[in-house]
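An overview of the molecular structure
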Amino acid sequence: MKRKIIALLTDFGDTHYVGIMRGVILSINPNAIIVDITHNISRHNIAEAAFILLNTYKYFPAKTIFVIVIDPGVGSSRKAIIVKCKRYIFIGPDNGVLYPSIIEDGVEDIYIIANRKYVLENISQTFHGRDIFAPIAGYISKGIKLSDLGPKLNLSEIVKITFNKPIIRDKKIIGEILYIDGFGNIVTNIDANIIKKLCMGRRKISLEIAEHKYVLPLVKSYSNVDRGKPLLIIDSFNMLEIAINGGDASKYFSVKNGDKIIIEI
Amino acid sequence: MKRKIIALLTDFGDTHYVGIMRGVILSINPNAIIVDITHNISRHNIAEAAFILLNTYKYFPAKTIFVIVIDPGVGSSRKAIIVKCKRYIFIGPDNGVLYPSIIEDGVEDIYIIANRKYVLENISQTFHGRDIFAPIAGYISKGIKLSDLGPKLNLSEIVKITFNKPIIRDKKIIGEILYIDGFGNIVTNIDANIIKKLCMGRRKISLEIAEHKYVLPLVKSYSNVDRGKPLLIIDSFNMLEIAINGGDASKYFSVKNGDKIIIEI
Amino acid sequence: MKRKIIALLTDFGDTHYVGIMRGVILSINPNAIIVDITHNISRHNIAEAAFILLNTYKYFPAKTIFVIVIDPGVGSSRKAIIVKCKRYIFIGPDNGVLYPSIIEDGVEDIYIIANRKYVLENISQTFHGRDIFAPIAGYISKGIKLSDLGPKLNLSEIVKITFNKPIIRDKKIIGEILYIDGFGNIVTNIDANIIKKLCMGRRKISLEIAEHKYVLPLVKSYSNVDRGKPLLIIDSFNMLEIAINGGDASKYFSVKNGDKIIIEI
């Protein structure tokens with residue numbers, strides 16, 4: 001039998017909550033290959049997890065089953081869903097965390113998890129990663145028919161989240177901070193194509209970061225500036241990133257997610 | 001050959017100490033499936049590890065081999081033991097960390113690790129996870145007879161630890177804090193059955209947390225209260241938990257393991 | 001087919017940067033076994049990673065493929081290399097991080113990664129772990145000929161790093177701090193053989209730690225001194241280690257990597 005990959009994304013950190021999910025999956029399908037994306041999503045940060053999933057899922061083999069447990073509404077009436085897409089299957093709470101990825105991959109069918117036969121016997125009020133999402137992933141990896149798991153849902157019925165696009169007006173690109181990574185690198189929502197089109201060939205860019213003005217070099221390697229110096233670079237998200245060579249840009253510029261980034265064209 | 005699962009529980013954090021253990025196991029049995037429970041046990045906290053193991057092991061497939069390295073006495077005369085139970089095998093230092101789990105699973109045989117043939121040639125004074133526990137797990141996963149590993153030990157000869165049960169008297173449930181998780185959720189030693197029996201149908205509960213009085217709602221979902229507000233809930237340990245929706249209850253209430261929780265019935 | 005082990009060592013922490021690398025490897029070779037050494041190397045600390053690799057690689061099965069991404073020069077002109085050694089294969093940036101390990105294992109061939117056929121189509125400026133090192137490891141694990149990956153390089157052409165050896169003069173051993181582990185244990189560059197030869201049978205040792213004088217017991221187990229008390233021990237690196245039983249020696253002695261340790265013989 002071909003071994004199926006189950007990829008986990010949670011905000012649990014390195015805790016037994018993840019360990020238990022691994023145990024539950026292997027109890028149902030000892031041949032599953034469990035892979036961690038990361039468990040270090042900021043607690044309850046649905047938008048951050050959605051952004052990370054969107055930029056990660058496509059690097060996994062087709063047919064990977066993604067289990068996403070960023071679930072501030074656990075125990076409430078929020079639905080638990082399975083989304084069958086063109087290349088992948090996504091499982092998680094219906095709170096928007098899956099939305100950008102499933103739209104990009106191409107939604108085929110959405111199911112509400114409803115069949116008590118494929119979840120743990122006792123469902124707690126606080127840990128559906130263990131009681132619902134892990135067992136469902138285990139059974140799907142064994143080939144259970146998705147239509148056995150619960151009724152279908154229309155795409156229009158699930159929770160949506162979208163990322164703001166930058167606005168271009170008055171010779172300015174008005175963007176914002178989408179994500180700050182573990183190194184403190186600041187990932188903006190201004191993508192490489194916009195920079196190529198509007199800042200073509202420029203070595204220095206004038207910009208406002210959270211209402212303070214700077215002129216920063218646009219470089220091809222962090223090491224193009226001295227250690228401790230700020231820079232702009234097109235990063236691995238293919239986005240404009242504000243970074244410090246060897247340092248923490250989010251601290252240097254005192255910024256947080258959602259702060260405005262305004263570039264003068 | 002059926003592939004065997006080896007589950008690791010340590011207080012090493014994300015360090016090469018865990019990486020080396022994985023390497024040692026795979027050197028002996030490349031077909032072993034190594035699964036992390038967590039490596040984030042508070043350093044040297046045997047009681048915490050015992051509690052986490054007790055609440056985790058049963059979610060793993062039967063015949064899983066558990067390797068527990070919370071080992072403040074490494075290099076001293078404390079024994080290293082293997083406990084064959086009804087469904088699982090447990091390996092670790094004889095300091096009580098295995099005790100609650102092996103009793104629950106049902107002890108069949110206990111062995112002292114003594115045969116130098118199945119451990120690394122050079123045994124360090126500081127890292128028996130690498131030198132003793134990992135190789136023993138590797139050989140057991142390959143099917144070596146447990147009785148080849150060392151002499152038997154009686155259950156009465158190993159180190160015991162037990163968790164305090166709550167006391168019910170004078171219309172009070174006198175419990176304590178068993179565990180504080182990575183989110184700051186406070187897990188008490190008062191289980192769901194006691195609450196069902198003695199607080200049946202109540203929506204609010206009067207209690208003392210570390211000698212301060214509160215009246216808190218008993219809810220079915222963290223999100224039943226506003227973000228930042230305290231609550232009581234039956235959690236994934238099936239225990240009464242004191243939590244803050246989206247916050248850190250251990251900081252909010254300034255408490256630590258062992259602090260008293262007194263409920264007025 | 002025999003399943004190949006790919007061992008990862010990075011300074012990425014628990015982030016999606018590691019998760020993506022796992023996905024890329026499995027997309028190329030779903031049968032690869034991915035093992036984490038640690039991702040907790042201090043950011044950009046090439047010497048620390050080199051030391052950890054040197055003390056870890058030999059515990060893995062022969063033919064393990066090591067992928068090391070401590071890469072402050074990503075996007076610059078630093079080379080990306082593959083080193084075929086006697087027992088293992090090492091992949092990483094040519095910044096010295098591989099050097100001590102490949103010398104010890106025995107270098108057979110070194111290749112520059114140059115063939116665009118075996119890396120991702122779009123190579124970012126900031127994340128060669130994903131774009132170059134992970135895919136190369138995936139293809140090597142599938143049996144691709146190393147000579148297909150790029151031109152050969154001589155050992156004399158790659159970046160070297162070496163660890164200082166202690167100096168013995170004037171009845172003193174003048175060493176230094178090589179590494180401080182996650183517990184705050186201080187690992188010196190003074191190995192067990194020097195201690196055996198020069199401090200044979202001594203129970204107490206006079207030494208200077210970062211210019212302050214101490215007399216510390218040389219013990220066989222951390223627990224030979226009371227909790228919170230300092231000690232010397234031969235550790236799992238087979239080095240003289242300065243530790244606090246149950247505590248953090250690096251804080252206690254206020255030291256950092258490279259600080260001098262001087263022992264009076």
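Residues numbered from 1 in each chain as written. Chains lettered and ligands numbered in written order. Predicted model: local features only at pLDDT ≥ 70, side-chain atom pairs only at ≥ 80, totals over all residues.

Focus on the overall build of chain A
Each helix and strand in chain A was counted, giving six helices and 15 strands. Projected onto the principal axes, the alpha-carbon positions of chain A cover approximately 60 × 35 × 35 Å. Counting all 265 residues of chain A, 52% fall into the buried class. Within chain A, residue pairs in contact and separated by at least 24 positions form 65% of the contacts whose partners lie at least 6 positions apart. (Helix = DSSP H or I, 4+ residues; strand = E, 2+ residues; numbered from the N terminus. Buried ≥ 20, exposed ≤ 12 C-beta atoms within 10 Å, placed from the backbone. Contact = placed C-beta atoms within 7 Å.)

Focus on the interface of chain B and chain A
Residue-level contacts link 25 residues of chain B with 24 residues of chain A. Contributions of two or more residues to the side of chain B that touches chain A are made by β2 (33–38) and β13 (230–234) of chain B. For the side of chain B that touches chain A, the element with the highest residue contribution is β2(B), accounting for four residues.

Some thoughts on the sheet that holds strand β1 (residues 5–10) of chain A
Across the sheet, seven strands lie side by side as β2-β1-β3-β5-β4-β6-β7 (chain A); this open sheet has mixed pairing. On the outer flanks of this sheet lie β2 (33–38) and β7 (152–153) of chain A, each paired with one strand and no other. Here five bridges tie β1(A) to strand β3 (residues 65–69) of chain A, and the two strands are oriented parallel to one another. In the strand pairing of β3(A), A:A7 is matched with A:F66. The strands touched by helix α1 (residues 16–28) of chain C within the sheet are β1 and β2 of chain A, with β2(A) carrying the most contacts at an inclination of about 145 degrees. (Pairing = 2+ DSSP bridges. Axes fitted to C-alpha atoms, helices over the stretch in contact; angles between N-to-C directions.)

Focus on the domain arrangement of chain A
According to the domain assignment, chain A consists of domain 1 (5–157) and domain 2 (167–264). With centres defined by C-alpha atoms, the gap from domain 1 of chain A to domain 2 of chain A works out at 33 Å. (Domains from an automatic or database assignment.)

Looking at the sheet that holds strand β6 (residues 107–112) of chain C
Taken in spatial order, the seven strands line up as β2-β1-β3-β5-β4-β6-β7 (chain C) in an open sheet, and their pairing is mixed. Where the open sheet ends on each side, the last strands, each with one partner, are β2 (33–38) and β7 (152–153) of chain C. Where strand β4 (residues 80–85) of chain C meets strand β5 (residues 89–93) of chain C, five bridges bridge the pair, whose relative direction is antiparallel. When the sheet's bridge partners are listed, C:K84 is paired in β5(C) with C:I89. Along the sheet, helix α1 (residues 16–28) of chain B contacts β1 (5–10) and β2 of chain C; its crossing angle with β2(C), the most-contacted strand, is approximately 145 degrees.

A word on the relation of the copies chain B and chain A
Each copy of the chain is related to the other by a rotation around an axis and a translation along that axis. Expressed as a screw transformation, the operator carrying chain B onto chain A has a rotation angle of 120 degrees and an axial translation of 0.0 Å, and the superposed copies differ by an RMSD of 0.0 Å. Such a combination of rotation and displacement between the chain copies is what one expects of a three-fold axis. Across chain B, the rotation axis passes nearest the C-alpha of B:D14, at a separation of 4.9 Å. Counting the interface residues of chain B, we find that no more than 4% of their copies in chain A are interface residues as well, pointing to two distinct contact surfaces. (Least-squares fit on C-alpha atoms with pLDDT ≥ 70 in both.)

Considerations on the relation of the copies chain C and chain A
In screw terms, the move from chain C to chain A is a rotation of 120 degrees and a rise of 0.0 Å along the axis, fitting with an RMSD of 0.0 Å. Interface residue correspondence from chain C to chain A reaches only 4%, placing this contact among heterologous pairings that use different surfaces.

Section: the pairing of β2(B)
Residue and element names in this part refer to chain B. With respect to burial, β2 is a largely interior element, five of its six residues being buried. Note that strand β1 (residues 5–10) and β2 share five bridges and pair parallel. Bridging from a neighbouring strand, L9 pairs with T38 of β2. As a crossover connection, the stretch from β1 through α1 into β2 is right-handed. (Right-handed = clockwise from strand over helix to strand, strands pointing away.)

Observations concerning helix α4 (residues 128–141) of chain C
All names here are of chain C. Given a rise of 1.5 Å per residue, 14 residues ought to cover 20 Å, and the 18 Å separating the end C-alpha atoms of α4 matches this to within 8%. If you look at α4, its biggest bend is around 30 degrees, right at A134, and the proline P135 turns up within four residues after that. Counting buried positions over the 14 residues of α4 gives 14, a clear majority of the element. Positive backbone phi, approximately 105 degrees, marks G143, located one or two places after α4. (Expected span 1.5 Å × (residues − 1). Bend = angle between axes of the 7 residues up to and from the residue.)

Observations concerning the interface of chain C and chain A
Counting residues at the interface gives 24 residues for chain C and 25 residues for chain A. Examining the composition of the side of chain C that touches chain A, we find that eight residues originate from one element, α1(C), more than from any other. Tallied by class, the residues present in the side of chain C that touches chain A amount to seven nonpolar, 13 polar and four charged. (Nonpolar A, V, L, I, M, F, W, Y, C, P; charged D, E, K, R; others polar.)

Observations concerning the environment of C:K171
All names here are of chain C. Residue position: K171 is located in the loop between β8 (167–169) and β9 (172–180). Look at K171 and you get exposed, because 9 C-beta atoms sit within 10 Å. Not counting chain neighbours up to four residues away, the residues in contact with K171 comprise E264 and I265.

Considering the environment of C:N224
Residues and elements named next belong to chain C. Positionally, N224 belongs in the loop between β12 (212–219) and β13 (230–234). Judged by C-beta crowding, with 16 C-beta atoms within 10 Å, N224 ranks as partly exposed. With near-sequence residues (within four places) excluded, N224 lies in contact with V219 and L231.

Structural notes on α1(C)
For α1(C), built from 13 residues, the straight-helix expectation of 18 Å at 1.5 Å per residue is met to within 8% by its first-to-last C-alpha distance of 18 Å. Three or more residues of α1(C) are buried, namely C:H16, C:Y17, C:V18, C:G19, C:I20, C:M21, C:R22, C:G23, C:V24, C:I25, C:L26 and C:I28. Where the residues of α1(C) are buried, they touch β1, β2 and α2 (46–54) of chain A together with β1, β2 and α4 of chain C.

A word on the pairing of strand β13 (residues 230–234) of chain A
Residue and element names in this part refer to chain A. For β13, a buried count of four out of five residues is recorded, marking the element as mostly surrounded by other parts of the structure. Across two bridges, strand β12 (residues 212–219) lies against β13 in parallel orientation. Residue pairing in the sheet places V219 in a bridge with I233 of β13. Where β13 meets strand β14 (residues 239–244), five bridges bridge the pair, whose relative direction is antiparallel. Within β14, the position partnered with I234 by the bridge is L240. Linking β13 back to β14 in an antiparallel pair, the connection comprises four residues, with N238 at a positive phi of about 65 degrees.

Some points on the packing of α1(C) against α4(C)
A pair of packed helices can be characterised by two numbers: the angle between their axes and the separation between those axes. All names here are of chain C. Running from amino to carboxyl end, α1 crosses α4 at an angle of 35 degrees, the nearest separation of the two axes being 8 Å. Every pair of crossing elements has a handedness; the one defined by α1 and α4 is right-handed. Together, Y17, I20, M21, V24, I25 and I28 of α1 and G129, R130, A134, P135, A137, G138 and Y139 of α4 make up the contact between the two elements. Partitioned by chemical class, the residues of the contact of α1 with α4 number ten nonpolar, two polar and one charged. (Left-handed = near helix turned anticlockwise from the far one by under 90°.)

A look at unusual backbone geometry
All names here are of chain A. At K63, a residue that is not glycine, the phi angle is positive and equals roughly 80 degrees. Structurally, the position occupied by K63 is in the loop between α2 and β3. Among the residues examined, K63 registers 13 C-beta atoms within 10 Å and is labelled partly exposed.

What to know about the confidence of the model for chain A
Across chain A, pLDDT averages 96, with 100% of residues at or above 70. Across the predicted assembly, pTM comes out at 0.97 and ipTM at 0.96. (pLDDT = per-residue confidence, 0-100.)

What to know about the environment of A:K220
Looking at the element boundaries, A:K220 is found in the loop between β12 and β13. Considering only alpha carbons, one finds A:K220 and A:I234, 14 residues apart in sequence, at a separation of 7.6 Å. Those residues in contact with A:K220, other than ones at most four positions away along the chain, are C:G75 and C:Q125.

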